[in-house]
Structure formats: structure tokens, C-alpha cells
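Next come the chains, spelled out residue by residue.
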Amino acid sequence: MRQWWEDVVVAHGRLPLACLLLGFIIGFLLIRISVRLIRKQVRWWPGNVRAGDVHIHHMVFGVILVLGSGMGLVALYQSSDGVISALAAVFGLGAALVLDEFALIYYLRDVYWEEQGRTSVDAVFVALAVTGLLLLGFHPLWLLDIGDVRDLRSEPNVPERLLTIAFALMNLLLAAVVIAKGKIWTGLFGMFFPPLLFIGALRLSRPGAPWARWRYGSRSGLMRRAMRRERRYRRPMIRAKIFVQDLLAGKPDAAHVLRATEEELTRTIVPAPPAPPPTHIHLLPVRKHEERPPEPVDSQ
């Protein structure tokens, strides 16, 4: 383990990235423990932070940590590895606090303990997986290694530079589409294996995903297809999960597995809330036509 740390992390200058990942994991675990203690109303735990009657969400502290450490990384980028690594760890801690309430940012309402709150967990796991892959030395542009295209980026060769930029932009665009369709892991691993991105972008969105909220709200046929597809693919996995749970409890029962599976499918597979109607903001006040007073009639 120590040899791997020296050869893969330290030797390749990835110590700040490792500290960022460590800070992210610690921050996520601590805040999840904290919110559960608050929900259970444990007496010795301090509880929510309030300013008068206003509840201050922990993502506020995350934004402060991200901004402060980010400015420190920019201002002190030539400092020692120890300083940069410490700032990276603080950045990871703040990012964990922000992403833990990603669903609040997206839905603009507190859905932390609701079904839509799972979006935050998905965002956290995506961040963990991407950082872990980068730490191990993987990169989204690995296909450019074929034909030595990647090596040509260091030379002043315009076609190869344009190819690199176009490939990276296409990768990011497809990954954004796939993730917006709710296929988090397909979008994540597709950045490192692009054919997955094409498959994920062409297939239907998951019914509770942002893409379904934007595109399927007025297209009930697509939403029904997405719901049927989601139930069909999720049903075997949920059945296996419930069977294992019953087996560990010592009372596996086929009828209970089938009934509990359908109940969980009904509870968890729900369509995305409709997108808010567009609002038209008039920058200039609309003036009503002023009625002219009738002209006086000269009396003869």
C-alpha cells in the first residue's frame, strides 16, 4: 500500500487530489451522521444552526469553505505541497457539504428526506467516483492515446489540437445529457468509455430525472414508456434485495417478496415534478395608452 501511494499518488503529483478526496469523504460522513442525530433529536447533539427564525442549511457553510479554499488555491498555487494539499482537503470538505444538499439546489425546496433527495446521494457518489478514477490515473481522453494523438497535443499542430478540443467537448456534452437523464453511472463511466455515452444519450430518460421534467412534462406517452421501462428493469434488482433481506432475517417468503417489490416500485418510481411555467419579465413598464381628453367644441 505504501509503495502504491509513493509510486502512483506522490510521484505523479496527485497528493492534493488525494487530500481533496479524503476531505470529501470525511465531510460527507460527518454531515450524514449529524443530520441523523438531529432527526432523532439526540439531546447532547447541538442541532440545527439558526439565525433567528431562519434555518441555515449546511450547504451555506460548504459554499463558504469552497470559495475560501478555492481563492487560497489560486492565490497560493506556487506554495509547497503541504499548503496546497491542506487547501484541497478544505475544498473537498466544503464540496461535500454542498453536494449533500444538491437536491435542494436543483428543486429549490427542501426535499432532503423525500424521494427526490436521492439526487444528492447520486451527485455525491458521482463526485467520489470521478475523483477516485482521476486519482488512479484514468482520464476521459484515453482514446486520444490511439495513434499517438495525445502526444501531439504538446506540439503546435492545429488539426490535432482542434481534434482534442472537439473530442473533449463532445464527451462532456454527451455526459451532461446522460446524467440529466438520470443515468448517473452510465454518464460517469461513459466519460472513460465513450460508446456508453452514445447508448445512454439515445435511450429513454428515467422518469424522475431532470430530463424527464424538462422534456416529458407535456408528452405523456414518453413518460408512460419511461415509467414502464424503469419498473421492468428495477423489478429484478428490488426482488433480489428484498429476498436477501428476508433471508438474513431468517424468514424468506416468495409471496412477501413479490408484494414488497411492487410496494417499493410504487413508492420509489414516480414521475418528475412538472417544470414551472415560464415567466416573462418585462424590464420596462408597459405604458397604457393615455386617452386624450375630448377637444372642446367652440360654441357659436
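The structure displayed is predicted, hence computed values, not measured ones. (Residues numbered from 1 in each chain as written. Predicted model: local features only at pLDDT ≥ 70, side-chain atom pairs only at ≥ 80, totals over all residues. Heavy atoms only, no water.)

Q: Now, about the overall build of the protein chain: what can you tell me, with residues and values included?
A: From N to C terminus, the protein chain includes 12 helices and 2 strands. The linear arrangement of helices and strands in the protein chain, starting from the amino end, is α-α-β-β-α-α-α-α-α-α-α-α-α-α. Taken across its 300 residues, the protein chain has 34% of its residues classed as buried. Long-range contacts, defined as pairs at least 24 residues apart, comprise 57% of the intrachain contacts of the protein chain with a sequence gap of at least 6. Carbon and sulfur atoms make up 65% of the accessible area of the protein chain, which amounts to about 20200 Å² in all. (Helix = DSSP H or I, 4+ residues; strand = E, 2+ residues; numbered from the N terminus. Buried < 20%, exposed > 50% of the residue type's maximum accessible area, 1.4 Å probe, protein only. Contact = heavy atoms within 4.5 Å. Areas by Shrake-Rupley, 256 points an atom, 1.4 Å probe, with all protein chains shown as cover.)

Q: I'd like to hear about a positive patch on the surface, residue by residue, with values.
A: Side chains of Arg203, Arg224, Arg225, Arg228 and Arg232 sit close together on the surface and give a patch of like positive charge. Looking at the element boundaries, arginine 224 is found in helix H11 (residues 220-249). (Patch = residues over 30% accessible without salt bridge, like charges linked within 9 Å, V, L, I, M, F, W, Y side chains within 5 Å. Salt bridge = Lys/Arg side-chain N within 4 Å of Asp/Glu carboxyl O. Lys, Arg positive; Asp, Glu negative; His and termini not counted. Charge placed at Lys NZ, Arg CZ, Asp CG, Glu CD.)

Q: Hey, could you go over empty space enclosed by the protein for me, with residue numbers and the actual values?
A: In this structure the tally under the stated criterion is 1 cavity of 30 Å³ or more. If you trace the largest cavity, you find it lined by Asp100, Glu101, Ala103, Leu104, Asp110, Val111, Tyr112 and Ser120. Grouping the constituent residues of the lining of the largest cavity by class yields 4 nonpolar, 1 polar and 3 charged. (1 Å grid on protein atoms, 1.4 Å probe; cavity = no way out; pocket = protein on both sides within 12 Å on 5 of 7 lines; lining within 4 Å. Points joined across faces, edges and corners; volume = space filled by probe spheres on them. Nonpolar A, V, L, I, M, F, W, Y, C, P; charged D, E, K, R; others polar.)

Q: A description of the pattern of salt bridges should follow, citing residues and the corresponding values.
A: Taken as a whole, this structure holds 5 salt bridges when the rule is applied. We note a salt bridge from arginine 206 to glutamate 230, for which the minimum N-O separation is 2.6 Å. Taken together, the residues arginine 206 in the loop between helix H9 (195-202) and helix H10 (210-215) and glutamate 230 in helix H11 connect sequence positions 24 residues apart. Accessibility expressed as a relative area gives 31% for arginine 206, which makes it partly exposed. The partner of glutamate 230 in a salt bridge is arginine 234, and the shortest N-O contact between them spans 3.4 Å. Here the residue glutamate 230 and the residue arginine 234 both occupy positions in helix H11, the gap between them amounting to 4 residues, near one helical turn. Owing to a relative accessible area of 9%, glutamate 230 belongs among the buried residues under this scheme. A residue is classified by how much of its surface remains accessible, and arginine 234, at 17% relative accessible area, is buried. In this structure, a network of salt bridges that share partners links the residues Arg206, Glu230 and Arg234.

Q: Give a description of the environment of tryptophan 214 that names residues and reports values.
A: Of note, tryptophan 214 is situated in helix H10. The exposed category is assigned to tryptophan 214, whose relative accessible area is 52%. Once the C-alpha coordinates of tryptophan 214 and alanine 180 are considered, the two residues, 34 residues apart in sequence, prove to be 9.8 Å apart. Among residues more than four places away in sequence, those in contact with tryptophan 214 are Tyr106 and Ala180.

Q: Give a description of a nonpolar patch on the surface that names residues and reports values.
A: Residues Met1, Trp4, Trp5, Val10, Leu136 and Phe138 make up a contiguous nonpolar surface patch of about 620 Å² in total accessible area. Checked against the element boundaries, leucine 136 lands in the loop between helix H6 (118-135) and helix H7 (158-180).

Q: Tell me about the packing of aromatic side chains, residues and numbers included.
A: Using the criterion set out here, one finds 3 aromatic pairs in the structure. Judged by centre distance (5.7 Å) and plane angle (85 degrees), the ring pair of tryptophan 44 and tryptophan 45 falls under edge-to-face. In this structure tryptophan 44 comes out as exposed when scored by relative accessible area, which is 63%. The class for tryptophan 45 is partly exposed, based on a relative accessible area of 29%. Here a set of aromatic residues connected by ring pairs shows up, and it is made of Tyr106, Tyr107 and Trp214. Lysine 181 extends its terminal NZ or CZ atom over the ring of tryptophan 211, reaching a point 5.2 Å from the ring centre. (Phe/Tyr/Trp six-rings, centres within 6.5 Å; stacked < 30°, edge-to-face > 60°. Lys NZ or Arg CZ within 6 Å of the ring centre and 35° of its normal.)

Q: Requested: an account of the packing of helix H3 (residues 58-75) against helix H4 (residues 81-99), with residues and values cited.
A: Look at H3 against H4: their axes get within 7 Å of each other, and the N-to-C directions meet at 155 degrees. Here H3 is positioned roughly antiparallel relative to H4, judged by the angle of their axes. Crossing angle aside, the handedness with which H3 passes H4 is left-handed. Contact residues: H3 offers His58, Met59, Phe61, Gly62, Val63, Leu65, Val66, Ser69, Gly70, Gly72 and Leu73, while H4 offers Ile84, Leu87, Ala88, Val90, Phe91, Leu93, Gly94, Ala95, Leu97 and Val98. (Axes fitted to C-alpha atoms, helices over the stretch in contact; angles between N-to-C directions. Parallel < 35°, antiparallel > 145°, perpendicular 65-115°, else oblique. Left-handed = near helix turned anticlockwise from the far one by under 90°.)

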